[in-house]
Each structure stands twice: as structure tokens, then as C-alpha cells.
Amino acid sequence: MVICQFQSKNMLEVWRIPGHVLVCSILILFIARVSYSACPPDDVVTYEVIPEDQYDRNYSSIGSDGKRPLGFMKATWSYNQNNPNPCILLKDTSGRRVEIMVEAIPAAKICVNVGGPQTQYCSDPGSGQMYQCVKTLSSNVYLEFVGDDAGESDIQFWYRLVLGPLPADDTEDRWCDDHHRDRYPSSLRTLPDGYSLNLEPTNPSNGGTITTIPQSLFVSLLPLSVSLIKYLN
């Protein structure tokens, strides 16, 4: 009789299996590969992967509901409260690369544990942004977002998870190299490349000079101004 012990969902489980210790080792490895979680299983959000052609491409403030700017979803890490850390389940990941992008707004340090605290990545506290492209082994992956207590405040952030192709379709493991690493929700606030401001000086009656802003530019900046005012209030 062989006694097997392994960690699963934060609980120590004991299995009594007849046979050699090798049987125990194989079983533990199989269970760990099927699904490994370090998050509380009662507060898991299953991530909804959407095709790139369904991304929202208009700027959305962090206070907006139901928006997916560039495919990102929003979440909040709560400081000094009893709320659990945001825990996200990504399915059908076995052997694939997973692109993880995070942007905290306002900028802050936010970390993500991939499959447990032994694998952690953190955003740059200056920009609030993080990019990682990791390889998975289990068929389901749990990601737990953990904030930095130094800021002494809640952290609101956008995050996006993108599944890479199956290993058979990416034999050279180059999928991550072809992705844009600077397209975060805040990038939607910038004007498109090649946009002409067409600022034209005019001469008022008193002989001075003023600059007029074209109506098209004013209209394009109006939603951003409204979002900024709401955020500051």
C-alpha cells in the first residue's frame, strides 16, 4: 500500500493506492497537469476569449462597464478589505502559449500569479503595464492578481489573455514574436498616425494672432475630455 499526498486547491489530499511509488508519482503528475489552482475555487471568473475582430476600438475609461477596449477586461484589486484577489480561469490551454497583458489605471504595481505564487509577473509601477507570453502545461490555468500594499489604495486594471495556437501549429514556437506589445487600452487615447491638425493662424481685429482648432479635432477629443472629467470627479 502506497500513500500519495499532493496539494490541490489549497488542500492537502491523501490517496491510498496499492502498488509501486511510481504509480503514485504518475497519478500526481496527471492531476497537476489537468488543472492546477492556487486561487480560492469559489470566486473564479471564467475568462471569455473573443476574436480580435470583435475588440472595441474606441477609448473606454476604467469606469466603463461592458466594454472590451482592444479585448481587455477590467477588474479591481481591493486594498485592506476582505475581498478575495481577482481569480481568472482560462480554459483549453494545454501546451499553448498564453499572452498576458495588464494595465493599471492610474499606474500602479499589480502582479499576476500563473498557476500559483511560484510563477509571478508584475507590472512596471511607473506605467502600470505588463506583457508576458508564457507556455502552459495544464489544460486549465488559474491566474490570481495581487496588488502592492505600498500604494494603500484599491488598484483598478485592465487585463487581456490571448491563447496561442496548438504546439503542432507553432513548431518553431514563434507565435509570441508576431504580437504588438504596446497596444494597451490607454493607447486608444492617441490620435491616429498621419492625422493632420491643420492649425491655421488668424488675425483678430486688434492685430494679435490666435490659433483655431478644426471642428473635427474638437469633436474627436470631446469624448476623452468628458471621460477625464468623470475620472477626476
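Everything that follows concerns the structure shown earlier in this document.
### Describing the nonpolar core
Argument step 1. By size, the foremost hydrophobic cluster in this structure holds 23 residues, and its most contacted members are Ile100, Phe157 and Tyr159.
Argument step 2. Those elements that provide at least two residues to this core are strand S5 (73-77), strand S6 (87-91), strand S7 (97-104), strand S8 (110-114), strand S10 (129-135), strand S11 (140-147) and strand S12 (155-163).
Argument step 3. In terms of residues, this core owes the most to one element, S12, which gives five residues.
Argument step 4. Beyond its immediate sequence surroundings of up to four residues, Tyr159 is in contact with Tyr47, Phe72, Met73, Lys74, Ala75, Ile88, Met101, Val102 and Phe145.
Argument step 5. Grouped together as the second largest cluster of nonpolar side chains are 14 residues, Met101, Ile105, Tyr131 and Cys133 included.

### With respect to the pattern of salt bridges
Side-chain pairs of opposite charge can arise whenever the charged atoms involved come near each other.
Argument step 1. For the structure shown, the criterion picks out five salt bridges.
Argument step 2. A salt bridge links Glu52 to Arg57; the shortest N-O distance between them is 3.9 Å.
Argument step 3. In this structure Arg57 comes out as partly exposed when scored by relative accessible area, which is 44%.
Argument step 4. Here Asp173 and Arg97 are joined by a salt bridge, their closest N and O atoms 2.7 Å apart. Taken together, the positions of Asp173 in the loop between S12 and strand S13 (200-202) and Arg97 in strand S7 put the pair 76 residues apart, joining distant regions of the chain.
Argument step 5. A relative accessible area of 31% places Asp173 in the partly exposed class.

### Here we look at the environment of Arg68
Argument step 1. Assignment of secondary structure puts Arg68 in the loop between strand S4 (44-46) and S5.
Argument step 2. On the accessibility criterion, Arg68 (12% relative accessible area) is buried.
Argument step 3. Separated by 11 residues in the primary sequence, Arg68 and Arg57 place their C-alpha atoms 8.3 Å from one another.
Argument step 4. Apart from the residues lying within four places of it in its own chain, the contact partners of Arg68 are Tyr47, Glu48, Ile50, Tyr55, Asp56 and Met73.
Argument step 5. Within the local environment of Arg68, its side chain forms a polar contact with the backbone oxygen of Phe72, the two atoms lying 3.3 Å apart.

### Some words on the environment of Val102
Argument step 1. Within the element layout of this structure, Val102 appears in strand S7.
Argument step 2. Judged by relative accessible area, which is 2%, Val102 ranks as buried.
Argument step 3. Between the C-alpha atoms of Val102 and Arg160, which are 58 residues apart in sequence, the distance is 6.6 Å.
Argument step 4. Look past the residues within four positions of Val102 in its chain and what remains in contact with it is Phe72, Ile110, Gly128, Gln129, Met130, Phe145, Phe157, Trp158, Tyr159 and Tyr184.

### A few points about the pairing of S7
Argument step 1. Counting buried residues along S7, seven of its eight residues qualify, which places the element largely inside the surrounding structure.
Argument step 2. When S7 meets S10, the two strands line up antiparallel, connected through seven bridges. Within the sheet, the bridge partner assigned to Val98 lies in S10 and is Val134.

### Considerations on the pairing of S12
Argument step 1. Judged by how many residues are buried, S12 sits mostly within the fold: eight of nine residues are covered.
Argument step 2. Summarising the sheet, S5 and S12 pair through five bridges and their orientation is antiparallel. Its bridge partner lying in S12, Ala75 is registered against Phe157.
Argument step 3. Two elements, S7 and S12, share seven bridges in a ladder whose sense is antiparallel. The residue bridging Ile100 from the neighbouring strand is Leu161, located in S12.

### Here we look at the sheet that holds S10
Argument step 1. Read from one edge of the open sheet, four strands run S5-S12-S7-S10, paired in antiparallel fashion. Either end of the sheet is taken by a strand with one partner, and the two such strands are S5 and S10. Each adjacent strand pair in this sheet contributes to an overall mean axis angle of 25°, direction not counted.

### Some words on the state of the cysteines
Two cysteines, two sulfur atoms, one covalent bond between them: this is a disulfide.
Argument step 1. In the structure shown here, the tally under the stated rule is three disulfides.
Argument step 2. Here Cys39 engages in a disulfide with Cys87; their sulfurs sit 2.3 Å apart. Here the disulfide of Cys39 and Cys87 is right-handed, its torsion about the S-S bond being about 105°. One end of the pair, Cys39, is in the loop between strand S3 (35-36) and S4; the other, Cys87, is in strand S6, and 48 residues separate them in sequence.

Calculation notes
- Sequence order as written defines the numbering, with residues in each chain counted from 1.
- pLDDT decides what is reported in this predicted model: residues at 70 or higher carry local features, side-chain atom pairs at 80 or more are listed and counted, and totals for whole chains, interfaces and linings draw on all residues regardless.
- Side-chain descriptors were evaluated using all non-hydrogen atoms of the structure, hydrogens and water having been removed beforehand.
- To qualify as a nonpolar core, a set must consist of buried Ala, Val, Leu, Ile, Met, Phe, Trp, Tyr and Cys residues joined through side-chain atoms within 4.5 Å.
- When accessible area is computed with a 1.4 Å probe and restricted to protein chains, residues below 20% of their type maximum are described as buried, those above 50% as exposed, and intermediate ones as partly exposed.
- The helix count covers DSSP runs of H or I at least four residues long, the strand count covers runs of E at least two residues long, and both are numbered beginning at the N terminus.
- Working rule for contacts: check all heavy atoms of both residues, and any pair within 4.5 Å makes them a contact.
- Just to be clear on terms, a salt bridge is a Lys or Arg side-chain nitrogen sitting within 4 Å of an Asp or Glu carboxyl oxygen.
- By the criterion applied in these results, polar contacts are pairs of N or O atoms within 3.5 Å in which, for protein atoms, one can donate a hydrogen and the other can accept it, and in which residues neighboring in sequence qualify only through two side-chain atoms.
- Strands qualify as paired when DSSP identifies two bridges or more between them.
- Fitted lines through C-alpha atoms give the axes, limited to the stretch in contact for helices. The angle between two N-to-C directions lies from 0 to 180 degrees.
- Cysteine sulfurs are considered disulfide-paired once they come within 2.5 Å of each other.

Function cannot be read off these values alone, since they describe shape.
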